[in-house]
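# Examination of the molecular architecture
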Amino acid sequence: MELSDLYRDVILDHNRHPRNFGNLSPANATIEGFNPLCGDRLTLRLQLTDDRIADIRFEGQGCAISTASASLMTEAVKGKTRAEAEQLFERIHGLLTDDAAPVDEQLGKLAALSGVREFPARVKCASLCWHTLASALKAGQTASLPAVSTE
Ligand code: ZN
């Protein structure tokens, strides 16, 4: 697949050096995500304090897009309130699925994910972690949540 150079560099960097990768202890929300189309699997762990994502980490195995997206996502939502993270989810969901969604400077490095929409087969690779996060936020502080599947 061909992405613009800028977007490709961001994706490659976050795939090679994923941020917030590993176990998180303590965590008060743990959720698994699976994208059967590609085989991407991830486990997302959050430390929710009051209404804020105090900490977030992910583990798992997936393709470069899914790993980079999870890395970019954890970096972007750490420290954000639940409402802010939900807004960002909506924004990214639009970015991945709507060709007309604007790509502006506010997005920062997350703009790289917009490159994926040219490759419909890979959109679920990029959106997996975001759907997983949205489910975790909706459920709130529970020990374990049912797995999320993109199918
Ligand atoms: Zn994938």
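The notes below deal with the structure included here. (Residues numbered from 1 in each chain as written. Predicted model: local features only at pLDDT ≥ 70, side-chain atom pairs only at ≥ 80, totals over all residues. Heavy atoms only, no water.)

Our focus in this paragraph is the coordination of the zinc ion. On the protein side, the zinc ion has C38 (SG), D40 (OD), D40 (OD), C63 (SG) and C125 (SG) as donor atoms, found 2.2 to 2.6 Å from it. All donors to the zinc ion come from one chain, and their sequence spacing reads C-x1-D-x22-C-x61-C. Taken together, the residues span a long stretch of sequence, with C38 in the loop between β1 (29-35) and β2 (40-49) and C63 in the loop between β3 (52-61) and α2 (64-77) at a distance of 25 residues. (Donors = N, O, S within 2.8 Å, 3.2 Å for Na, K, Ca; no water. Helix = DSSP H or I, 4+ residues; strand = E, 2+ residues; numbered from the N terminus.)

Here the focus is the pattern of salt bridges. Counted according to the given criterion, the structure contains nine salt bridges. Across the pair E75 and K109 runs a salt bridge, and its minimum N-O distance is 3.1 Å. Separated by 34 residues along the polypeptide, E75 in helix α2 and K109 in the loop between α3 (82-97) and α4 (123-139) bring together distant segments of the chain. The exposure class of K109 is partly exposed, given its relative accessible area of 39%. A salt bridge links R91 to D104, with the nearest nitrogen and oxygen atoms 3.0 Å apart. With R91 in helix α3 and D104 in the loop between α3 and α4, this pair connects stretches of sequence that are 13 residues apart. Overall, the relative accessible area of 31% leaves D104 in the partly exposed class. If you follow the salt bridges from partner to partner, you end up with D13, R19, E75 and K109 in one network. (Salt bridge = Lys/Arg side-chain N within 4 Å of Asp/Glu carboxyl O. Buried < 20%, exposed > 50% of the residue type's maximum accessible area, 1.4 Å probe, protein only.)

This part covers the packing of α2 against α4. Following both chains from N to C, one finds α2 and α4 inclined at 40°, their axes separated by 7 Å at the closest point. By the angle class used here, α2 and α4 are oblique. By crossing handedness, the relation of α2 to α4 is classed as right-handed. For the pair formed by α2 and α4, the contact residues are I65, S66, S69, A70, M73 and V77 on the first element and C125, A126, C129, W130 and L133 on the second. Split by residue class, the contact of α2 with α4 holds nine nonpolar, two polar and no charged. (Axes fitted to C-alpha atoms, helices over the stretch in contact; angles between N-to-C directions. Parallel < 35°, antiparallel > 145°, perpendicular 65-115°, else oblique. Left-handed = near helix turned anticlockwise from the far one by under 90°. Contact = heavy atoms within 4.5 Å. Nonpolar A, V, L, I, M, F, W, Y, C, P; charged D, E, K, R; others polar.)

The next point concerns empty space enclosed by the protein. Tallied over the entire structure, the rule returns one cavity of 30 Å³ or more. Its volume calculated, the largest cavity comes out at about 60 Å³. Considering the residues around the largest cavity, the lining is formed by D40, R41, L42, F58, E59, G60, Q61, G62, S66, T67 and A70. The leading source of residues in the lining of the largest cavity is β3, at four residues. Here the residues of the lining of the largest cavity are counted per class, giving three nonpolar, five polar and three charged. (1 Å grid on protein atoms, 1.4 Å probe; cavity = no way out; pocket = protein on both sides within 12 Å on 5 of 7 lines; lining within 4 Å. Points joined across faces, edges and corners; volume = space filled by probe spheres on them.)

So, about the packing of aromatic side chains. Inspection of the entire model under this criterion finds one aromatic pair. Here F21 and F58 contribute two aromatic rings whose centre-to-centre distance is 5.1 Å and whose plane-to-plane angle is 85°, an arrangement assigned as edge-to-face. A residue pair is termed long-range when its members are at least 10 positions apart, and F21 in the loop between α1 (5-16) and β1 and F58 in strand β3 qualify at 37 residues. Sitting above the plane of the F34 ring, R41 keeps its charged end 4.0 Å from the centroid. (Phe/Tyr/Trp six-rings, centres within 6.5 Å; stacked < 30°, edge-to-face > 60°. Lys NZ or Arg CZ within 6 Å of the ring centre and 35° of its normal.)

Take the state of the cysteines next. On inspection of all chains with the given rule, the structure shows zero disulfides. C129 carries a free sulfur, and the closest cysteine sulfur to it, the one in C125, is 11 Å from it. (Disulfide = S-S within 2.5 Å.)

Let us look at the sheet that holds β2. Strand order across the open sheet formed by four strands is β3-β2-β1-β4, with mixed pairing between neighbours. Two strands lie at the open edges of the sheet, namely β3 and β4 (148-149), each paired on one side alone. Inspection of the sheet shows β2 paired to β3 by nine bridges, in the antiparallel sense. The partner of R45 across the bridge, within β3, is R57. The sheet contacts of α2 involve β2 and β3, and relative to β3 the element is tilted by about 170°. (Pairing = 2+ DSSP bridges.)

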